[in-house]
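# Examining the three-dimensional arrangement
Residue-level listing of the chains:
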Amino acid sequence: MKELLHKYGQTIINVLLVVCLGKYVLERGGPALRQAWFEHRFDFVELAFFLHNVVMLSFILIRRQHQAIDANLFHQAIALVAFFSGIAFVQVTPPGQALLRLSQVITIIAILLGTASLINLGRSFGILVSIRKVKTNGLYSVIRHPMYATDILWRVGIVLKNPCLVNFVTFLLSGACYVYRAILEERYLSRWPEYREYMQKVRYRFLPGIL
C-alpha cells in the first residue's frame, strides 16, 4: 500500500483536485454562461474565467511530480488560503456602469495575464510551496511571481464589481497571503542554485522596476 501511495500519490491528488475544482468551475461558470446565452449577450468576462480554469485544471491533471515540498504546515496553510481566497468574496448590488466597466477591464486583463502565466508554468504549476522545475520564460522573465500578481489584480476587479466592507477586508487578507507566500516560497526555493541564479536575473517580485 505504501509503495502504491508513493508511486501514484501525486496522481491521486491531481485527480481529486480536478474533480473538486472542476465541480466549482462548472457550478460557478456554467450557469453564468447559460444565462448569457439565453439572454442573447456575450459575456467576455465569464467566458474568459471559464477558459482560464479549464487551462488550470488541465495542467493540474498532467503536472510533473515535485522534486521537493516544504514540510512546514504553516507555510502550506498560507499558500492554500491565498489560492482559495477567491471563494470568500461575496456578491452585492452591482455598482454604477462606470465602476462595473472598470471592473470588467481589470478582470479581463488579469485573466489573460494569469492564463499566460499558467501556460508559462505548464506542468510545473503547483498550489503548495514546492519545487518542480524553475521557469524563467515569458512573464517569468519580467517578474518572479506573475501568477500571484495577476491573482491580486483579479481580486481588485472583484472588489470593484462587488464593493463592500467584507470584500475589502477579504482583499487585504488575500493580498497579504499572496505577498507572504511569495516570500516564503523564495526562501524555500533559494536552496536550489538555479533559483538563486534566477532571483539575481529577475529582480522584482510583482511589478517591474517597482516591487
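What you see is a predicted model; the values in this text were computed from it and never measured.

## A closer look at the pattern of salt bridges
Inspection of every chain in the model, using the stated rule, returns four salt bridges. Glu-186 is the salt-bridge partner of Arg-205, the closest N and O atoms lying 2.9 Å from each other. One end of the pair, Arg-205, is in the segment after helix H7 (193-201); the other, Glu-186, is in helix H6 (residues 165-189), with 19 residues separating them in the sequence. Here Arg-205 falls in the partly exposed class, since its relative accessible area comes to 28%. A residue is classified by how much of its surface remains accessible, and Glu-186, at 4% relative accessible area, is buried. Between Glu-197 and Lys-201 there is a salt bridge, with the nearest N and O atoms lying 3.4 Å from each other. Of this pair, Glu-197 and Lys-201 are both found in helix H7, four residues apart, which corresponds to roughly one turn of the helix. Classification of Glu-197 as partly exposed rests on a relative accessible area of 43%. Lys-201 gets classed as exposed once you look at its relative accessible area, which sits at 64%.

## Considerations on helix H3 (residues 73-84)
Over its 12 residues, H3 extends 16 Å from the first C-alpha to the last, a length consistent with the 16 Å expected when each residue adds 1.5 Å. When H3 is considered as a whole, its buried residues turn out to be His-75, Gln-76, Ile-78, Ala-79 and Ala-82. Down the axis, H3 shows its buried residues gathered within 155 degrees of arc, on one side only. Against strand E1 (68-69), helix H5 (146-161) and H6 lie the buried residues of H3. Where H3 starts, the residue carrying a side-chain oxygen 2.9 Å from the main-chain nitrogen of Phe-74 turns out to be Asn-72.

## Digging into the packing of H5 against H6
Describing two packed helices takes the angle between their axes plus the distance from one axis to the other. It is at 10 Å that the axes of H5 and H6 come closest, and there the two elements cross at 180 degrees. On the basis of the axis angle, H5 is roughly antiparallel to H6. Note on element contacts: H6 touches H5 through Asn-167, Phe-171, Ser-174, Gly-175, Tyr-178, Arg-181, Ala-182 and Glu-185, opposite Tyr-148, Asp-151, Ile-152, Arg-155, Val-156 and Val-159. Within the contact of H5 with H6, the residues separate by chemical class into seven nonpolar, three polar and four charged.

So, how was this worked out
Residues numbered from 1 in each chain as written. Predicted model: local features only at pLDDT ≥ 70, side-chain atom pairs only at ≥ 80, totals over all residues. Heavy atoms only, no water. Salt bridge = Lys/Arg side-chain N within 4 Å of Asp/Glu carboxyl O. Helix = DSSP H or I, 4+ residues; strand = E, 2+ residues; numbered from the N terminus. Buried < 20%, exposed > 50% of the residue type's maximum accessible area, 1.4 Å probe, protein only. Expected span 1.5 Å × (residues − 1). Arc of directions from axis to C-beta. Contact = heavy atoms within 4.5 Å. Polar contact = N/O pair within 3.5 Å; in protein donor to acceptor, adjacent residues only side chain to side chain. Axes fitted to C-alpha atoms, helices over the stretch in contact; angles between N-to-C directions. Parallel < 35°, antiparallel > 145°, perpendicular 65-115°, else oblique. Nonpolar A, V, L, I, M, F, W, Y, C, P; charged D, E, K, R; others polar.

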